[in-house]
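Coordinates in review
Each chain, written out:
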Amino acid sequence: MSWLEANRSDTYVANAVDRVATLLRASGTHVEAFRLRGLSPQDRAKAAWARLRKAAVDPRRVVAAWLTIEMVIRDDPQADLKAEFKRVQAAKLVHRMASGTHKKWGEGASATELHVYPRSRGRVLRHIGDALEEAVELLVEKHRLPALALPQKDTL
């Protein structure tokens, strides 16, 4: 987040944040977590973006989630380098930001509360990850770190 804040005037950073903000705006109406059953994975993914919008999640946090996964994978000497792995891991982070549905009826000790959290699963995460990857791809390509050369072993 601090890197994004320090580079907010960068065209590619602004583009990624704007594209995530567009995903949030274009996600459709908010759907309560307990009403997701029966929806297609695509619709459940849109509902996750709508939950993020309703929770007023800063689009920079979503971009930061993707960049976090990028850096972790880059620094892992035995990383899973499949694109799908990266998408799903970033989508898991974003999905958690959306929380769930929380309702309360009544007051005091007799109040009834309902807390429902949507499961993060398979194709829903893939749809979220695909959309997020598209939103940040220019930023990642522009600021990609050069491959580090491995130190040469001395041959004696």
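What counts, and at which threshold
Residues numbered from 1 in each chain as written. Predicted model: local features only at pLDDT ≥ 70, side-chain atom pairs only at ≥ 80, totals over all residues. Heavy atoms only, no water. 1 Å grid on protein atoms, 1.4 Å probe; cavity = no way out; pocket = protein on both sides within 12 Å on 5 of 7 lines; lining within 4 Å. Points joined across faces, edges and corners; volume = space filled by probe spheres on them. Helix = DSSP H or I, 4+ residues; strand = E, 2+ residues; numbered from the N terminus. Nonpolar A, V, L, I, M, F, W, Y, C, P; charged D, E, K, R; others polar. Salt bridge = Lys/Arg side-chain N within 4 Å of Asp/Glu carboxyl O. Buried < 20%, exposed > 50% of the residue type's maximum accessible area, 1.4 Å probe, protein only. Axes fitted to C-alpha atoms, helices over the stretch in contact; angles between N-to-C directions. Parallel < 35°, antiparallel > 145°, perpendicular 65-115°, else oblique. Contact = heavy atoms within 4.5 Å. Expected span 1.5 Å × (residues − 1). Core = buried A, V, L, I, M, F, W, Y, C linked by side-chain atoms within 4.5 Å. Lys, Arg positive; Asp, Glu negative; His and termini not counted. Polar contact = N/O pair within 3.5 Å; in protein donor to acceptor, adjacent residues only side chain to side chain. pLDDT = per-residue confidence, 0-100.

A volume near 310 Å³ is recorded for the largest pocket. Forming the walls of the largest pocket are 14 residues, and the residues nearest its centre are Trp3, Leu67, Met71, Arg74 and His143. Contributions of two or more residues to the lining of the largest pocket are made by helix H1 (2-6), helix H4 (59-75) and helix H6 (122-142). With six residues, H4 is the single largest residue contributor to the lining of the largest pocket. Broken down by class, the residue content of the lining of the largest pocket amounts to nine nonpolar, two polar and three charged.

A complete count under the given rule lists eight salt bridges for this structure. Of the charged contacts, one joins Arg8 and Glu5 as a salt bridge, the two residues approaching to 1.9 Å between their closest N and O atoms. Look at Glu5 and you get partly exposed, because its relative accessible area is 29%. Through salt bridges that share partners, Glu5, Arg8, Asp58 and Arg60 make up one connected network.

Another aspect to go through is unusual backbone geometry. The backbone of Ala56 shows a phi angle near 55°, a positive value even though the residue is not glycine. Using a relative accessible area of 64% as the deciding quantity, one classes Ala56 as exposed.

For the pair H4 and H6, the least separation of the axes is 10 Å and the interaxial angle reads 75°. On the basis of the axis angle, H4 is roughly perpendicular to H6. On the side of H4, the interface is formed by Val62, Val63, Trp66, Leu67, Glu70 and Arg74, while H6 contributes Gly129, Leu132, Glu133, Val136, Leu139 and Val140.

For helix H5 (residues 83-97), built from 15 residues, the straight-helix expectation of 21 Å at 1.5 Å per residue is met to within 8% by its first-to-last C-alpha distance of 22 Å. Along H5, the residues classified as buried are Lys86, Val88, Ala90, Ala91, Val94, His95 and Met97. Immediately beyond the C-terminal end of H5, within one or two residues, lies Ser99, with a positive phi of roughly 55°.

Core analysis: the biggest nonpolar cluster contains 34 residues, and Val63 and Leu132 have the highest contact counts within it. Non-local contacts of Leu132, meaning those with residues more than four positions away in its chain, are made with Val20, Leu23, Trp49, Val62, Trp66, Ala90 and Val94.

Within the fold, Asp10 resides in the loop between H1 and helix H2 (11-25). Buried and unpaired, Asp10 has Lys142 as its nearest opposite-charge partner, separated by 6.3 Å. A polar side-chain atom of Asp10 sits 3.1 Å from the main-chain amide nitrogen of Val13.

Three or four residues apart is the spacing at which side chains of an α-helix point the same way, because the helix has 3.6 residues per turn. Taking 1.5 Å per residue as the helical rise, H4 with its 17 residues ought to reach 24 Å, and the 25 Å between its terminal C-alpha atoms agrees with that figure. Where H4 is concerned, the buried positions are Pro59, Val62, Val63, Ala64, Ala65, Trp66, Leu67, Ile69, Glu70 and Ile73. Structurally, H4 contributes buried residues whose contacts are with H1, H2, helix H3 (41-54), H5 and H6.

With 85% of its residues at a pLDDT of 70 or more, the chain has an overall mean of 83. Summarising per-element confidence for the chain, the mean pLDDT is lowest in strand S1 (residues 101-105) (72) and highest in H2 (95). Confidence drops under a pLDDT of 50 for residues 145-156, and excluding neighbours within four residues, the segment shows one contact in the predicted structure.

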